[in-house]
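Next come the chains, spelled out residue by residue.
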Amino acid sequence: MGLEEKLPSGILLTSVEKLVNWTRKASLWPATFGLACCAIEMMTTGAPRYDLGRFGMEVFRASPRQADLMIVAGRVSQKMAPVLRQIYDQMPEPKWVLSMGVCASSGGMFNNYAIVQGVDHVVPVDMYLPGCPPRPEMLIDAILKLHAKIMDEPLGPVRAAEKAGQRTDLVASSVKYSRGKRTLPIGVPEANQR
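Computed from a predicted model, the values in this text were never measured in an experiment.

Chemist: I tried to follow the overall build of the protein on my own but got confused; where do I start?
Modeler: Counting secondary structure elements, the protein contains eight helices and four strands. Secondary structure elements of the protein, listed N to C terminal, follow the sequence α-α-β-α-β-α-β-α-β-α-α-α. Across the 194 residues that make up the protein, the buried fraction comes to 35%. A separation threshold of at least 6 residues defines the contact pool for the protein, and within that pool the share at least 24 residues apart is 73%. Summed over its atoms, the accessible surface of the protein is roughly 12,100 Å², and 57% of this surface lies on carbon and sulfur atoms.

Chemist: Help me understand the pairing of strand β2 (residues 69–73) in this model?
Modeler: A regular strand places its side chains on the two faces of the sheet in alternate fashion. In terms of burial, β2 is a largely internal element, five of the five residues being buried. Covered by surrounding structure in β2 are Leu69, Ile71 and Ala73 together with Met70 and Val72, the residues of both alternating faces. Here strand β1 (residues 30–31) pairs with β2 via two bridges, running parallel. The residue bridging Pro30 from the neighbouring strand is Leu69, located in β2.

Chemist: For this particular structure, what's the right way to read the pattern of salt bridges?
Modeler: It is possible for side chains bearing opposite charge to pair when their charged atoms get close. Across all of its chains, the model carries five salt bridges by this definition. Of the charged contacts, one joins Arg85 and Asp89 as a salt bridge, the two residues approaching to 3.2 Å between their closest N and O atoms. Of this pair, Arg85 and Asp89 both sit in helix α4 (residues 81–90), four residues apart, which is roughly one turn of the helix. The shortest N-O distance in the salt bridge between Lys145 and Asp141 comes to 3.4 Å. Taken as a pair, Lys145 and Asp141 lie in helix α6 (residues 136–151) at a separation of four residues, close to a single helical turn. On the basis of relative accessibility, which here comes to 21%, the residue Lys145 falls in the partly exposed class. Classification of Asp141 as buried rests on a relative accessible area of 19%.

Chemist: Can you help me understand the environment of Arg159 in this one?
Modeler: Residue placement: Arg159 occurs in helix α7 (residues 157–162). Along the chain, Arg159 and Glu17 lie 142 residues apart, while their C-alpha atoms are 9.4 Å from each other. Discounting chain neighbours no more than four positions away, the residues touching Arg159 are Glu17 and Pro154.

Rules behind the numbers
Residues numbered from 1 in each chain as written. Predicted model: local features only at pLDDT ≥ 70, side-chain atom pairs only at ≥ 80, totals over all residues. Heavy atoms only, no water. Helix = DSSP H or I, 4+ residues; strand = E, 2+ residues; numbered from the N terminus. Buried < 20%, exposed > 50% of the residue type's maximum accessible area, 1.4 Å probe, protein only. Contact = heavy atoms within 4.5 Å. Areas by Shrake-Rupley, 256 points an atom, 1.4 Å probe, with all protein chains shown as cover. Pairing = 2+ DSSP bridges. Salt bridge = Lys/Arg side-chain N within 4 Å of Asp/Glu carboxyl O.

Below is the structure:
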């Protein structure tokens, strides 16, 4: 006997914070910033086989002023770092950064003076995606985890103070969508199950 039973059908109850975060999550517009071989996998993710359009991300924006997600795909050279920062600064708030591939995340095999050893030295990174190059399925999984993180973001400084210290539980999509079945990581014998 709650308020839900008294309302007519078609009425949805939620908080403003959840509604705003849902709209942000459902309409992420990524900026095009492909630097190396990981960019091929990022382009494949946007193609019809993997179809990022089902997540509201079908259009990669060429203008940073229309984008709110920067996917840094590939190695970042020292000459490209100021350009990357300038594009990041031109993006409107709120904005998120996904570091795609081991080269963007840590410099990869290029441990020399010309390559930035991690894009987090240039811009703040919200999600790291390992792999050389990571598969399109891995990028979609990272985007879904970023969606979960966006859904838990506080709206305003007062709410941020209330939610301080709470972390979003980022569960792998293979576990989340296994319909109650427990899936084991590769290499774990079934005898170790509880």
